[in-house]
Structures are given as C-alpha cells and as structure tokens.
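Chain and residue survey
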Amino acid sequence: MPTALKKQPEKYTLRHLYDLYPDEKIDVKEEQSWVETHDKIIFQFPFYWFNSPPLFKKWLDQVLTHRILPFRFHHPPL
C-alpha cells in the first residue's frame, strides 16, 4: 500500500471492480455518478498481453462512453 494512502486514507477511494461486480453487470449510472464526484482518477491494473482485464474494458466502454456522458470530459488543447 502506498505511503500516502496509509497516512491519509480519507483522501482516497479504492474500488475493486471484480469485488463490486462479480457477475460483471456494471451499474452504469452509479459508476458515472462516482466518476463525476472525483477530480482525479488513477486506473491501476495488470497488463494482459498489452491490454486491460475484460471487466475493466467493459467498464471503460460502458461508463466513459461519450453518448452517455456528452462533453463532460474536456481535454486541454494541444
């Protein structure tokens, strides 16, 4: 566990998708609400042949789809 997490656990939220969704049925509205309440999100996962685990890929596809969250994720101009 990182030192910062040990010192100030109230500042961080850990979420384990496989624990939250063992049936792989993601609550998209709940996850989108969760995403909107956080300024920064760090995705940590093992690489499987240079790809993400299946449930995380599904989460990305369902939760961060622009059709569902239009114009909420702004990128600074290059």
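As a starting point, this report considers the structure included with it. (Residues numbered from 1 in each chain as written. Predicted model: local features only at pLDDT ≥ 70, side-chain atom pairs only at ≥ 80, totals over all residues. Heavy atoms only, no water.)

Remarks on the nonpolar core
- Core analysis: the largest hydrophobic core is formed by nine residues, namely Leu17, Tyr21, Ile26, Trp34, Val35, Leu55, Phe56, Trp59 and Val63.
- At the level of elements, α3 (28-36) and α4 (54-63) are the ones that each hand at least two residues to this core.
- Per element, the largest residue contribution to this core is four residues, and it comes from α4.
- Those residues in contact with Tyr21 that lie beyond four places of it in its chain are Arg15, Ile26, Asp27, Glu31 and Leu55. (Core = buried A, V, L, I, M, F, W, Y, C linked by side-chain atoms within 4.5 Å. Buried < 20%, exposed > 50% of the residue type's maximum accessible area, 1.4 Å probe, protein only. Helix = DSSP H or I, 4+ residues; strand = E, 2+ residues; numbered from the N terminus. Contact = heavy atoms within 4.5 Å.)

Considerations on the pattern of salt bridges
- Under the counting rule described, the total for this entry stands at two salt bridges.
- A salt bridge links Glu31 to Arg15; the shortest N-O distance between them is 2.2 Å. Placement of Glu31 in helix α3 and of Arg15 in the loop between α1 (3-7) and α2 (17-20) is noted, with a sequence separation of 16 residues between them.
- The partner of Lys57 in a salt bridge is Asp61, and the shortest N-O contact between them spans 2.7 Å. (Salt bridge = Lys/Arg side-chain N within 4 Å of Asp/Glu carboxyl O.)

So, α4
- For α4, the complete set of buried residues consists of Leu55, Phe56, Trp59 and Val63. Taken down its axis, α4 places every buried residue within 100° of arc, on the same side.
- In the core, the buried residues of α4 are packed alongside α2 and α3. (Arc of directions from axis to C-beta.)

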